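Examination of the molecular architecture
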Amino acid sequence: MHWSDLAYGIKFVALRYFNVAGAKADGSIGEDHGPETHLVPIVLQVANGQRDTLKIFGTDYDTPDGTNVRDYVHVVDLADAHILALKYLAEGNESNAFNLGSATGFSNRQILEAARKATGKEIPAEDAPRRPGDPDTLVADSSKARDILGWKPQYDDIEKIIATAWKWHSTHPNGYNDK
């Protein structure tokens, strides 16, 4: 993209997502892909009885509870960022790149507890060995997107993010194949 900008003046905005989670608040649109590898949908599959247990990969990380810490951003907030990025380009601004995340980290155990609250389910979990290459913590610095684009995420509470995902997953246990 950079070279197209230099060679042809084609301006761009690169949006760097952190961990996308959540669903449309009315439960009509949600996350459905296979094989599932994302933590929030996997936790909700356990809550739905589609998996027996949640595996927590690694409990010896340099974090408060020993599990990975990640930044989660709601899908609706990402949609808003896309609209703001288009406006930014339409105004004739220079090419740019922005991190999109909540700027707050949540550990795997915090995600599990938030999912238990949001679903009202026990959600069994078991510790498992670390996955190779997983860093302790990944949290976005989204201040540039907030300052330049005027991006203001609506969802900063992980329990609310998971609650929107649960509304979709609980009404679409087989994803879009249910409809």
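A brief structural summary. (Residues numbered from 1 in each chain as written. Predicted model: local features only at pLDDT ≥ 70, side-chain atom pairs only at ≥ 80, totals over all residues. Heavy atoms only, no water.)

What follows is about the packing of aromatic side chains. Using the criterion set out here, one finds 2 aromatic pairs in the structure. Ring geometry for Trp 168 against Tyr 176: centres 5.1 Å apart, planes inclined by 55 degrees, an arrangement best described as tilted. Here Arg 130 stacks its cationic end above the ring of Tyr 61, 3.8 Å away from the centre of that ring. Lys 144 extends its terminal NZ or CZ atom over the ring of Phe 98, reaching a point 5.5 Å from the ring centre. (Phe/Tyr/Trp six-rings, centres within 6.5 Å; stacked < 30°, edge-to-face > 60°. Lys NZ or Arg CZ within 6 Å of the ring centre and 35° of its normal.)

The element strand β4 (residues 69-74) is extensively covered by neighbouring structure, given that 6 of its 6 residues are classed as buried. Here β4 shows no split at all, with Val 69, Asp 71 and Val 73 on one side and Arg 70, Tyr 72 and His 74 on the other all buried. When strand β2 (residues 19-21) meets β4, the two strands line up parallel, connected through 3 bridges. The residue bridging Ala 21 from the neighbouring strand is His 74, located in β4. Strand direction decides the pairing type here: β4 and strand β6 (residues 105-107), joined by 3 bridges, are antiparallel. Its bridge partner lying in β6, Arg 70 is registered against Phe 106. Here β4 runs beside strand β8 (residues 137-138); their pairing, made up of 2 bridges, is parallel. (Buried < 20%, exposed > 50% of the residue type's maximum accessible area, 1.4 Å probe, protein only. Helix = DSSP H or I, 4+ residues; strand = E, 2+ residues; numbered from the N terminus. Pairing = 2+ DSSP bridges.)

Glancing now at the side chain of Gln 45. With respect to the helices and strands, Gln 45 occurs in helix α2 (residues 39-47). For Gln 45, a relative accessible area of 16% translates into the label buried. Not counting residues up to four positions away in its chain, the partners in contact with Gln 45 are Glu 36, Gln 50 and Arg 51. (Contact = heavy atoms within 4.5 Å.)

Okay, α2 next. The periodicity of an α-helix, 3.6 residues per turn, causes residues three or four places apart in sequence to face the same way. Most of α2 sits out of view: 9 of its 9 residues are buried. The set of residues buried in α2 consists of Leu 39, Val 40, Pro 41, Ile 42, Val 43, Leu 44, Gln 45, Val 46 and Ala 47. For α2, the secondary structure elements touched by its buried residues are β2, β3 (54-57), β4, α4 (108-119) and α6 (158-171). Positioned one or two residues after α2, Gly 49 has a phi angle of 80 degrees, which is positive.

This model, assessed by the stated rule, comprises 8 salt bridges. The residue Glu 94 makes a salt bridge to Lys 11 at a minimum N-O spacing of 3.4 Å. Within this pair, whereas Glu 94 is found in the loop between α3 (75-90) and β5 (96-100), its partner Lys 11 is found in the loop between α1 (2-8) and β1 (13-17), the two being separated by 83 residues in sequence. Accessibility expressed as a relative area gives 35% for Lys 11, which makes it partly exposed. Put simply, Arg 131 and Asp 134 hold a salt bridge, and the shortest N to O gap is 3.0 Å. Taking the relative accessible area as the measure of exposure, Arg 131 reaches 40% and is therefore partly exposed. Its relative accessible area of 18% is what places Asp 134 among the buried residues. Linked by salt bridges that have partners in common, Asp 5, Lys 11 and Glu 94 make up one network. (Salt bridge = Lys/Arg side-chain N within 4 Å of Asp/Glu carboxyl O.)

All we've got here are geometric facts, nothing functional implied.
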